[in-house]
Amino acid sequence: MQHKLSSGIIVIFGASGDLTARKLLPAIFSLYLQNSLTEKNLILGVARSKLSDDDFRAKMKESLLIEYPENGSKIDEFLSQVFYQAIDIYKDKGYAILNDRIDAIKKAYDLQSNLLFYLSTPPSLYYEIPSHLAKLGLNEQSDGYKRLIIEKPFGVDETSACKLNKHLLQYFDESQLFRIDHYLGKETVQNLLVFRFANAIFEPLWNASHIENVQIYANEAIGLESRAGYYDQNGAIRDMIQNHLLQLLGIVAMEAPAKMDAYSIRNETLKVFQSIRRFKTAKDIKENVVVAQYEAGCIQGEIKGSYKDEEGVAANSTTETYAAIRFFIDNWRWHDVPFYVRTGKRLKQRATEVVINFKATPHPFFSQIQKITKFKNQLVIRIQPDEGIKLSFAVKEPGAGFKTHEVDMGFYYSDFAQKTMPAAYERLILDALQGDNTLFARNDAVEACWNIIDPIVQYLSKHGKEMIHTYPSGSNGPKEADNMLSERGHQWRNPTSQFKNN
Ligand code: BG6
């Protein structure tokens, strides 16, 4: 999957925003520090605010120093290759100015005509910017690549995602488009592919005959973080499930691809999305979806207010900050295996995990001796934090009789000599520079994922008031989500802070 890097410019639209300072520049700086940018790739920030190159550099330096306090001189060296251009994003004239600036930088630094555009702007500009770029021929690849990275949200439903895809595909072909889903850039998510397809021992068990249920969740301890304007319009299902968690589910449930390349991998995850059983009736939704909002509570000793107390949230908001959904995949491998997907803000413990609960032995005689419920093997893939993989099994306690004891066998990334995990954006930006879109969402997959969740969000928009439950901040979520699992004798794994020793 390694492609060649060549020189060029990374043009970041929305450069005065939070994402550029918090994630994008630190990720590119980290690549710079590791010498991963083997060819010169300079950065041009673009936004409406009137800033000089030096103003922009000073702002970026502040934020880089938070993460890299020891690297002041390297930061200065890096920032000398970072530029800024203020433009009127709605006017042709703005893009003409931008084009001149790109040419000037290219000439001054003797760069190839490669351009990676990063849209880190409000989604309404996903129409405006690409068509203006195309007017100037900045989508033409005769003299070098022209690629476009698009941040989420990619549409708000299937219709808007299709419309946006159609719009972008007028100017750029699919190989030039990089729809970012930063979960796919996480080291541990990519490791899922290796874990599944480089080890022969798990694959024979990876199906409905041996697996009782699968749990995929991203529990967050943080709240809204001043994003009420966006979040209250969207909610947890659109924010996390339609993209990050369904992409994870795709990798957990897919068939082995023909090759480890973008086309084959993305074909297989698409088949999973196409096979997910759709929610057709109100009954389907009521039985398989639990949504809730956080109330006041205590997280790690700190009292936190309720969702409705957050600034910018409507007093009668029914937006979900928690969602748990039971999916089924109608194919041979996964017939009748529930995939429980959940996410929530202000939960007790931040943890993203994939949990595979294997079936119990057909005749549980040790359980009968001890009068305990059937013992089940569990495989936990901890995506973050404290990354690792743990498999639990039963052993005999030393001494008379057959008393069983549950133990774990584990692999922990902290045991690797290389302790730091590359940030998701680092990997994804490097891949985009190299033209590898394996870890980016393809148009048909994005549309299929919206198609899965559209009926749910549409139902909630009308019946949110009846459907929404509550949970105290700092808890593991609403009891209704526990009930959804206990109906089938299942139970959520509730993650702990220390993965290694718990
Ligand atoms: C973003 C969501 O896409 O992912 C946020 O918009 C969420 O609401 C974030 O907090 C979670 O990402 P991570 O990498 O911290 O798990």
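An account of the accompanying structure is given in this report. Bear in mind the structure is a predicted one, so any value in this text is a computation, not a measurement.

### Considering the packing of helix 7 (residues 187-197) against helix 8 (residues 228-253)
In the contact formed by helix 7 and helix 8, the axes pass within 9 Å of each other and the chain directions differ by 10°. When the axes of helix 7 and helix 8 are compared, the pair comes out roughly parallel. Judged by residue contacts, Val189, Leu192, Leu193 and Arg196 of helix 7 engage Leu248, Ile251, Val252 and Ala253 from helix 8. Taken together, the residues that form the contact of helix 7 with helix 8 break down as 7 nonpolar, no polar and 1 charged.

### Regarding helix 8
The largest bend in helix 8 comes to about 100°, at Gly235. Of all 26 residues in helix 8, 23 are buried; the element is thus mostly enclosed.

### Comments concerning the sheet that holds strand 1 (residues 8-13)
The pairing of strands in a sheet happens through backbone hydrogen bonds and is either parallel or antiparallel. Taken in spatial order, the 6 strands make up an open sheet running 3-2-1-4-5-6, and their pairing is parallel. With one partner strand each, in any of the chains shown, strand 3 (82-86) and strand 6 (177-179) form the two edges of the open sheet. Strand-to-strand twist across the sheet, computed as the mean angle between neighbouring axes with direction ignored, equals 20°. In this sheet, strand 3 lies alongside strand 2 (residues 41-47) in parallel orientation, the contact comprising 5 bridges. By the bridge assignment for strand 3, Leu44 is matched with Phe83.

### A short note on the site of the ligand
Every residue near the ligand is listed here: Lys152, His182, Tyr183, Lys186, Glu220, Ile222, Arg227, Asp239, Met240, His244, Lys345 and Gln384. The contact in question runs from an oxygen atom of the ligand to an N or O atom on the side chain of Tyr183, over 2.6 Å. One of the side-chain N or O atoms of His244 is found 2.7 Å from an oxygen atom in the ligand. In the complex, 82% of the free accessible area of the ligand, which totals 400 Å², lies under the protein chains. By residue number, the principal contributor to the shell around the ligand is helix 8, which donates 3 residues. Looking at the shell around the ligand, its residues break down into 3 nonpolar, 3 polar and 6 charged.

Cut-offs and rules
Residues numbered from 1 in each chain as written. Predicted model: local features only at pLDDT ≥ 70, side-chain atom pairs only at ≥ 80, totals over all residues. Heavy atoms only, no water. Axes fitted to C-alpha atoms, helices over the stretch in contact; angles between N-to-C directions. Helix = DSSP H or I, 4+ residues; strand = E, 2+ residues; numbered from the N terminus. Parallel < 35°, antiparallel > 145°, perpendicular 65-115°, else oblique. Contact = heavy atoms within 4.5 Å. Nonpolar A, V, L, I, M, F, W, Y, C, P; charged D, E, K, R; others polar. Bend = angle between axes of the 7 residues up to and from the residue. Buried < 20%, exposed > 50% of the residue type's maximum accessible area, 1.4 Å probe, protein only. Pairing = 2+ DSSP bridges. Near = heavy atom within 4 Å. Polar contact = N/O pair within 3.5 Å; in protein donor to acceptor, adjacent residues only side chain to side chain. Areas by Shrake-Rupley, 256 points an atom, 1.4 Å probe, with all protein chains shown as cover.

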